[in-house]
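# Remarks on the overall topology
Here are the chains, one letter per residue:
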Amino acid sequence: MDTLAKHFEEKINNEVTIEAKDWLPDNYRKTLIRQISQHAHSEIVGMLPEGNWITRAPSLRRKAVLLAKVQDEAGHGLYLYSAAETLGISRDEMMDQLHTGKAKYSSIFNYPTISWADMGAIGWLVDGAAIMNQVPLCRTSYGPYARAMVRVCKEESFHQRQGFEIMLTLSNGSEVQRKMAQDALNRWWWPSIMMFGPPDDNSPHTAQSVRWRIKRFTNDELRQKFVDIGVEQAKILGLEVPDKDLKWNEERGHYDFGVINWDEFWNVVKGNGPCNKQRVETRKKAWDEGKWVRDAATAYAEKRKARAAESTMKAA
Ligand code: FAQ
């Protein structure tokens, strides 16, 4: 092993964060670009299912909260794209990969939001799953990613609480509202536990990512933690988790749960979920329609740079 690689390994083993200017093995860089850019794409595609309900929120308070949440997701995309850029990929390249299907985004955002209760279920379950996955990422080995995650997690906690509160209000409301909440739980539970990715014995990246301390837990470990917490939270809501095989296992100290439909998961990941085409089309349209804004911002930045250079020359 050459000196640079040895130094890198030592840093990883001693929990010293890797920074943008450090030497990195090529595959470490590639893995991070893949994971961080896919994470960023998930944040901005994730704005769409909830954006669908901003104009139909049931009160001004709910509308303001939802609007703020969706804006937060855009901010998360921004921190993450910026973190990925430190690894040598441009924003345009990442966008191209999203638009051409070369890069993935989370499977969960390919499901439709058909009732107001879905805003509750997404906040409670989807943001809940995101936090479970992302809190350990605050200790990921790449510094710019870890630091971005600290702020993201603070905001995700607020998102999770607002979702749970929507579910609590609905489940304590009229019979129709309670049914709406149960229906949302029925539709979002399984896709949420799929979010953690394929099982460990079918996850090509987990072992190496855990060795590099990019991932701190495996997909199955995080999924189990999420199920254990989610089932207890559903009890508080008085709702039933749609899994007849769910059972507390005294020996393991965890809930056993039913078999996940991995065919459905891969089908969605491959682009055949209920909303995949619509999501990518919407993103492409937003990108095309935003071109004039990017052009104007670039022209303005260039002009300022030229002016600053001119005044430095004059002063010299
Ligand atoms: N969907 O070997 P692994 C959010 C792919 S943010 C689609 O296990 P890895 C906030 C995977 O990319 C949600 N594809 O891979 C929010 C790989 O394909 P590739 C996103 C998936 O990377 C809330 C292949 O399968 N969070 O929700 C999925 O070690 C509400 C093999 O998988 C993050 O991205 C999936 N669910 O582990 C926003 C967190 N799972 O790349 C709005 C950071 C796996 O070889 C509203 N990412 N695949 O073509 C991670 O922790 C990891 O990347 C995993 C996957 C755990 C997602």
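Right, let's walk through the structure included here. What you see is a predicted model; the values in this text were computed from it and never measured.

Scanning the protein from N- to C-terminus turns up 13 helices and 2 strands. Here the C-alpha atoms of the protein give a radius of gyration of 22 Å, agreeing with the 20 Å that 2.2 N^0.38 yields for 316 residues. Judged by the C-alpha coordinates and their principal axes, the protein covers about 75 × 50 × 35 Å. Counting the 316 residues in the protein, one finds 49% classified as buried. For the protein, contacts bridging at least 24 residues in sequence account for 77% of all contacts bridging at least 6.

What follows is about the site of the ligand. The environment of the ligand is formed by 37 residues, the closest being Lys-104, Ser-203, His-205, Lys-215 and Asn-219. For the ligand, an oxygen atom lies 2.8 Å from a polar atom in the side chain of Ser-203. Protein coverage of the free-state accessible area of the ligand, which is 1100 Å², stands at 92%. According to the grid-proximity analysis, the pocket containing the ligand is the largest pocket. Contributing elements (two or more residues each) for the shell around the ligand: helix H2 (26–45), helix H4 (60–85), helix H6 (117–134), helix H7 (143–171) and helix H11 (262–272).

Where H6 contacts H7, the two axes come as close as 7 Å, and the packing angle between them is 145 degrees. Note on packing geometry: the crossing formed by H6 with H7 is left-handed. Here the residues of the contact of H6 with H7 are counted per class, giving 13 nonpolar, 9 polar and 2 charged.

Once that is clear, we can look at the packing of aromatic side chains. Evaluated as defined, the whole model comprises 11 aromatic pairs. Ring geometry for Phe-196 versus Phe-226: centroids 5.4 Å apart, planes at 50 degrees, classification tilted. Of this pair, Phe-196 sits in the loop between helix H8 (175–194) and helix H9 (206–211) while Phe-226 sits in helix H10 (residues 219–237), and the two are 30 residues apart along the sequence. An identical accessibility class is assigned to Phe-196 and Phe-226; each is buried. Ring-pair connections join several aromatic residues into one group, and the members of that group are Phe-8, Trp-23, Tyr-28 and Trp-212. Across the ring face of Phe-217, the terminal group of Lys-225 is positioned such that the distance to the ring centre comes to 4.2 Å. Above the plane of the ring of Trp-287 lies Arg-294, whose end atom (NZ or CZ) is 3.5 Å from the centre.

So, about the layout of surface pockets. What the largest pocket holds in volume is close to 1100 Å³. Contributing elements (two or more residues each) for the lining of the largest pocket: H2, H4, H6, H7, H10 and H11. Among the elements that take part in the lining of the largest pocket, H6 stands out by supplying 7 residues, more than any other. Of the residues belonging to the lining of the largest pocket, the class tally is 19 nonpolar, 14 polar and 10 charged. Approximately 290 Å³ is the volume attributed to the second largest pocket. In terms of lining, the second largest pocket is formed by 18 residues, of which the most central are Gly-101, Tyr-105, Gly-271, Asn-276 and Val-280. Secondary-structure elements contributing two or more residues to the lining of the second largest pocket are helix H5 (91–99), H11 and helix H12 (276–289). Here the lining of the second largest pocket is built from residues that sort into 6 nonpolar, 7 polar and 5 charged.

This part covers unusual backbone geometry. Positive phi values are uncommon outside glycine, yet Glu-15 reaches one of about 60 degrees. With respect to the helices and strands, the residue Glu-15 is situated in the loop between helix H1 (3–13) and H2. Under the relative-accessibility criterion, Glu-15 is labelled partly exposed at 45%. Residues other than glycine seldom take positive phi values, yet Arg-213 does so here, at roughly 60 degrees. With respect to the helices and strands, the residue Arg-213 is situated in the loop between H9 and H10.

A few words now on the environment of Phe-217. Here Phe-217 is to be found in the loop between H9 and H10. Its relative accessible area of 26% is what places Phe-217 among the partly exposed residues. Expressed as a C-alpha distance, the spacing of Phe-217 and Phe-164, which sit 53 residues apart in the sequence, is 25 Å.

The next subject is the packing of H2 against H7. Relative orientation of the contacting elements H2 and H7 amounts to 25 degrees, with a least axis distance of 13 Å. Considered as vectors, H2 and H7 are oriented roughly parallel to each other. Pair H2 / H7 crosses with left-handed handedness. For the pair formed by H2 and H7, the contact residues are Leu-32, Gln-35, Ile-36, His-39 and Glu-43 on the first element and Tyr-145, Met-149, Val-152 and Glu-156 on the second. Classifying every residue of the contact of H2 with H7 by side-chain character gives 5 nonpolar, 2 polar and 2 charged.

About the thresholds
- Residues numbered from 1 in each chain as written.
- Predicted model: local features only at pLDDT ≥ 70, side-chain atom pairs only at ≥ 80, totals over all residues.
- Heavy atoms only, no water.
- Helix = DSSP H or I, 4+ residues; strand = E, 2+ residues; numbered from the N terminus.
- Rg over C-alpha atoms; globule rule 2.2 N^0.38 Å.
- Buried < 20%, exposed > 50% of the residue type's maximum accessible area, 1.4 Å probe, protein only.
- Contact = heavy atoms within 4.5 Å.
- Near = heavy atom within 4 Å.
- Polar contact = N/O pair within 3.5 Å; in protein donor to acceptor, adjacent residues only side chain to side chain.
- Areas by Shrake-Rupley, 256 points an atom, 1.4 Å probe, with all protein chains shown as cover.
- 1 Å grid on protein atoms, 1.4 Å probe; cavity = no way out; pocket = protein on both sides within 12 Å on 5 of 7 lines; lining within 4 Å.
- Sits in = over half its atoms within 2 Å of the grid points.
- Axes fitted to C-alpha atoms, helices over the stretch in contact; angles between N-to-C directions.
- Left-handed = near helix turned anticlockwise from the far one by under 90°.
- Nonpolar A, V, L, I, M, F, W, Y, C, P; charged D, E, K, R; others polar.
- Phe/Tyr/Trp six-rings, centres within 6.5 Å; stacked < 30°, edge-to-face > 60°.
- Lys NZ or Arg CZ within 6 Å of the ring centre and 35° of its normal.
- Points joined across faces, edges and corners; volume = space filled by probe spheres on them.
- Parallel < 35°, antiparallel > 145°, perpendicular 65-115°, else oblique.

Interpretation in functional terms is not warranted from these geometric data alone.
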